[in-house]
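The lines below spell out each chain.
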Amino acid sequence: MKQYLSFFRIRFVAGLQYRAAALAGIVTQFAWGFLSVLMYKAFYESNPDAFPMEFSQLVTYLWLQQAFLALFMPWLFEQDIFDSVVSGNVAYELCRPCDTYNMWFARNAATRLSNTVLRCMPILIVTAFLPAPFRMTLPAGWLNAALFLVSMILGFLVQVSISLIIYISAFYTVSAQGIKMLSITLTEFLSGAVIPIPFFPEAVQKVFNALPFASIQNTPFLIYVGYTGGAEAAIAVALQAVWLVVIIVAGRLLIGHAMKKVVVQGG
């Protein structure tokens, strides 16, 4: 475990060096956040009773999306991992006295966390002082705040474990580009990143909430704004934990099978 924590720390510190990229990302996320808020505001002004969430809840949901984009964005992949599998350089990973799955997990988690640390606080602080109705509000209650923190950790780990499934798929395909694009599209749409899941028909919501993608950002954000609370929130967090275990087990089985079949050629 010590070696993985050390590798995590190295990658985390390395990720903190990209301050210019983080600044550009913050500006982009503010612009995108304001555009999203203004777009929904136009719809709410026409008929506010037609929507399942209060506008203040939706605004907070949208700012949370922007603040923690780096933590949950499905398109954050490290291309050199795919390249190492295709080129055969993954053999170096196999020679190391460590578990490849754990190493890749620590690597992806550190990259996401370092990007989030650089970007989230300016967005959270500035949006908290915006005039109503554009400001981000506090959690719905102390219980929601506690469940939100637990749910955020689980959602983050679910996203990392899904990313590892995509990395491992490179062992079974000539090119992982197609699987990457499919994964990005499905994850964005089914996790509520494009349209919040409560805005879908009730029958569709039940299907979406049962899938692992809803456990990424939809669950923690809805708990924060108070749309999901009490026993329903506890069940949603438990479902996140179940999906996390299932995906990690599936990833370990896949990489174990891949490592037994992998052949590295060269001279």
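Further up the page is the structure itself.
A brief report on the enclosed structure follows. Everything numeric here is computed off the predicted structure, so don't read it as measured data.

1. Quick look at the overall build of the protein chain
Here is step 1: Secondary structure assignment for the protein chain yields 12 helices and 0 strands.
Here is step 2: Counting helices and strands in the order they occur from the N terminus, the protein chain gives α-α-α-α-α-α-α-α-α-α-α-α.
Here is step 3: Relative to the compact-globule value of 18 Å for 267 residues, the protein chain shows a C-alpha radius of gyration of 20 Å, a close match.
Here is step 4: Projected onto its principal axes, the C-alpha positions of the protein chain cover 70 × 40 × 35 Å.
Here is step 5: Residues classed as buried in the protein chain amount to 46% of the 267 residues present.

2. Observations regarding the packing of helix H3 (residues 55-67) against helix H11 (residues 218-225)
Here is step 1: At a minimum axis separation of 9 Å, H3 and H11 run at an interaxial angle of 140°. The angle between the axes of H3 and H11 places the two elements in the oblique class. In this structure, H3 crosses over H11, and the sense of that crossing is right-handed. Every residue of H11 that contacts H3 at Gln-57, Thr-60, Tyr-61, Leu-64 and Gln-65 is listed here: Asn-218, Phe-221, Leu-222, Tyr-224 and Val-225.
Here is step 2: Broken down by class, the residue content of the contact of H3 with H11 amounts to 6 nonpolar, 4 polar and no charged.

3. Details of helix H2 (residues 19-46)
Here is step 1: For H2, which comprises 28 residues, the first-to-last C-alpha distance of 41 Å matches the rise-based estimate of 40 Å (1.5 Å per residue) to within 8%.
Here is step 2: Looking only at H2, the buried set comprises Ala-22, Gly-25, Ile-26, Gln-29, Phe-30, Gly-33, Ser-36, Val-37, Tyr-40 and Tyr-44.
Here is step 3: Contacts made by the buried residues of H2 are with H3, helix H4 (69-72) and helix H7 (100-128).

4. So, the packing of helix H8 (residues 142-169) against helix H12 (residues 230-261)
Here is step 1: Orientation of H8 relative to H12, taken along the N-to-C sense of each, is 25°, at an axis distance of 9 Å. By the criterion of interaxial angle, the relationship of H8 to H12 is roughly parallel. Crossing hand, H8 versus H12: left-handed. Residues Leu-147, Val-150, Ser-151, Leu-154, Gly-155, Leu-157, Val-158, Ser-161, Ile-162, Ile-165 and Ile-168 of H8 form the contact with H12, whose own contacting residues are Ala-233, Val-237, Gln-240, Ala-241, Leu-244, Ile-247, Ile-248, Ala-250, Gly-251, Leu-254 and Ile-255.
Here is step 2: By residue class, the composition of the contact of H8 with H12 is 17 nonpolar, 5 polar and no charged.

5. Examining unusual backbone geometry
Here is step 1: Of the consecutive residues Ala-132 and Pro-133, the connecting peptide bond is found in the cis state with omega at 5°.
Here is step 2: Looking at the element boundaries, Pro-133 is found in the loop between H7 and H8.

6. Digging into H12
Here is step 1: For H12, which comprises 32 residues, the first-to-last C-alpha distance of 47 Å matches the rise-based estimate of 46 Å (1.5 Å per residue) to within 8%.
Here is step 2: Of all the residues in H12, the buried ones are Ala-233, Ala-236, Val-237, Gln-240, Leu-244, Ile-247, Gly-251, Ile-255 and Ala-258.

7. Comments concerning the packing of aromatic side chains
The geometry of an aromatic ring pair is captured by the separation of the ring centres together with the interplanar angle, meaning the angle of the planes.
Here is step 1: In this structure the tally under the stated criterion is 18 aromatic pairs.
Here is step 2: For the pair Phe-72 and Phe-221, a centre-to-centre distance of 5.9 Å together with 75° between the ring planes defines the contact as edge-to-face. Within this pair, whereas Phe-72 is found in helix H4, its partner Phe-221 is found in helix H11, the two being separated by 149 residues in sequence.
Here is step 3: Phe-221 sits in the buried class, given a relative accessible area of 0%.
Here is step 4: Residues Trp-104 and Tyr-167 carry aromatic rings whose centres are separated by 6.1 Å and whose planes lie at 65° to one another, so their mutual orientation is edge-to-face. Remark: Tyr-167 occurs in helix H8 and Trp-104 occurs in helix H7; sequence separation between them is 63 residues.
Here is step 5: Among the residues examined, Trp-104 registers a relative accessible area of 2% and is labelled buried.

8. What to know about the side chain of Thr-116
Here is step 1: Along the chain, Thr-116 turns up in helix H7.
Here is step 2: Under the relative-accessibility criterion, Thr-116 is labelled buried at 6%.
Here is step 3: When neighbours within four sequence positions are excluded, Thr-116 is seen to be in contact with Ala-67, Phe-68, Ala-70 and Leu-71.

Thresholds, definitions, all that
- Residues numbered from 1 in each chain as written.
- Predicted model: local features only at pLDDT ≥ 70, side-chain atom pairs only at ≥ 80, totals over all residues.
- Heavy atoms only, no water.
- Helix = DSSP H or I, 4+ residues; strand = E, 2+ residues; numbered from the N terminus.
- Rg over C-alpha atoms; globule rule 2.2 N^0.38 Å.
- Buried < 20%, exposed > 50% of the residue type's maximum accessible area, 1.4 Å probe, protein only.
- Axes fitted to C-alpha atoms, helices over the stretch in contact; angles between N-to-C directions.
- Parallel < 35°, antiparallel > 145°, perpendicular 65-115°, else oblique.
- Left-handed = near helix turned anticlockwise from the far one by under 90°.
- Contact = heavy atoms within 4.5 Å.
- Nonpolar A, V, L, I, M, F, W, Y, C, P; charged D, E, K, R; others polar.
- Expected span 1.5 Å × (residues − 1).
- Phe/Tyr/Trp six-rings, centres within 6.5 Å; stacked < 30°, edge-to-face > 60°.

The quantities given are spatial measurements derived from coordinates; they are silent on function.
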